[in-house]
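Examining the three-dimensional arrangement
For reference, the chains in residue letters:
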Amino acid sequence: MKTEKTGRRPARRLLFFSLVCAVCLTGCGKDSGEWEKSVIEEQIVIQGISGEYDLLFLTDSHVVSLGEAAENGRAQTENGEAQAGTGAQDEESRRQEYAASRYEGFCGQDGTSSQEMFAQAMDYAREEGVDGVLLGGDIIDSPSQENLTFLSEELSTLSMPYLYTPGNHDWTYPWEYMTSKGKQEYLPMLSPYMGGNTAFHTLDFGEFVVAAVDNSSGQVNPEALEEYEEVLDQGKPVIVLAHVPFLTQSVLTKAREVWKSGVVIGGGNFGGIYPDETSQEFLEMTTASDSPVAAVLAGHVHFYDKDVIEGEKDVPQIVGDALFHGSALRLRITGRG
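Residues numbered from 1 in each chain as written. Predicted model: local features only at pLDDT ≥ 70, side-chain atom pairs only at ≥ 80, totals over all residues. Heavy atoms only, no water.

Some remarks on the nonpolar core
Stated formally: Each nonpolar core is a collection of buried residues, namely Ala, Val, Leu, Ile, Met, Phe, Trp, Tyr and Cys, held together in the definition by side-chain atoms within 4.5 Å. Each residue is placed in one exposure class: buried if its accessible area under a 1.4 Å probe, protein chains only, is under 20% of its type's maximum, exposed if it is over 50%, and partly exposed if it falls in between. Put simply, DSSP H or I for four residues or longer makes a helix, DSSP E for two residues or longer makes a strand, and each gets a number counted from the N terminus. In this description, contact between two residues means that some pair of their heavy atoms is separated by no more than 4.5 Å.
In terms of nonpolar packing, the biggest core is built from 33 residues, with Leu 58, Phe 118, Val 133 and Tyr 164 touching the most fellow members. Of all elements in the fold, only β3 (53-58), α3 (114-128), β4 (132-135) and α4 (145-155) reach the threshold of two or more residues within this core. Counting residues per element, this core draws most heavily on α3, at five residues. With residues up to four places along the chain from it excluded, the contact list for Phe 118 reads Ser 61, Val 63, Leu 135, Ile 139, Phe 150, Leu 151, Glu 154, Leu 155 and Leu 323. Judged by nonpolar contacts, the second largest core, of 24 residues, contains Val 238, Val 240, Val 293 and Val 315.

Thoughts on the pattern of salt bridges
Using the following cut-off: What counts as a salt bridge is simple: a side-chain nitrogen of Lys or Arg found within 4 Å of a carboxyl oxygen of Asp or Glu.
Within this structure, the stated rule accounts for 13 salt bridges. Measuring nitrogen to oxygen at the nearest pair gives 3.4 Å for the salt bridge that ties Arg 332 to Glu 41. Of this pair, Arg 332 sits in strand β12 (residues 327-334) while Glu 41 is found in strand β2 (residues 33-45), placing the two residues 291 residues apart along the sequence. No difference in accessibility class separates Arg 332 from Glu 41, as the two residues are buried.

Description of the packing of α3 against α4
Formally: Here, axes are lines fitted to C-alpha atoms. For helices the fit covers the stretch in contact, and angles between N-to-C directions go from 0 to 180 degrees. Just so you know how the angles are binned, under 35 degrees is roughly parallel, over 145 roughly antiparallel, 65 to 115 roughly perpendicular, and the rest oblique. In this scheme the crossing of two helices becomes right-handed for a clockwise turn of the near helix relative to the far one and left-handed for an anticlockwise turn of less than a right angle.
Viewed as axis vectors pointing N to C, α3 and α4 meet at an angle of 15 degrees, and their least axial separation amounts to 10 Å. By the angle between their axes, α3 is roughly parallel relative to α4. Helix-helix and strand crossings are classified by hand; for α3 and α4 the assignment is right-handed. Contacts between α3 and α4 involve Gln 115, Phe 118, Ala 119 and Met 122 from the former and Phe 150, Leu 151, Glu 154 and Leu 155 from the latter.

From the geometry alone we can't say anything about function, so treat these as descriptive.
Pasting the structure below:
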């Protein structure tokens, strides 16, 4: 928790949150020289808390780590000698070639690799001394051993706590997308980074709780619902961390423009994802008139957005742009609007 610093500018008065400013910070990329990071600062006001908290929200880095075989596969793919994911290859070769085919797509405009983007974000978190790091899913592009090793090494460098909710790429391959094998074999690989529970886990800051809810399948995981209800019943303010955004007018409109599809939960009649029974119950609990939810954080769509989820109580939703774009969100949590 951060104590108030002398000379800090007063927050603008808005009911739930306000955009404070956008700042640019420079760093040196090991792969490609200097990288300019775009950090958007947001303020979330939670009425009644006395402290000030500083959190870094990162989403959609899509880390692609290449082993020796994948490096060779990348060179072959660039030369047109091989294609990723052909059925004639064994599974490990398939994974390596898939990584090679994805590598360039998640490099920054200046050529900075997705690995280095994430490593520099970890450097930034340590240098700034934030109170916590929130990871909004698709941190790795697939559950390869190379990606998991890289993830473990980087997260181990943090001195502050982190909270990680799964994204749809963290635990899938295109040929095992949302399959029972993926859920039984790949999803548990993320468990060590998610408090032993990939469906739901929390980070308690004393005055409020951040709750990571798995909706990586495009629906809220049923296993998360009971624990989520228990956390809400405590009455302590809650910030929800999810991967797939929930319906707001703004995010649905932008998603349809960018992806030619809604890719948000809700608004099925308008191109979004029809919520199933679990997702509908989650939304009703989140936006109930007595809900303690102060904000929802999401990613997935690879662009920044801010709007409210409408209900008995309108709940702010902040969607982070992709880290592989060089983008991050700095969240200032305060009780003063």
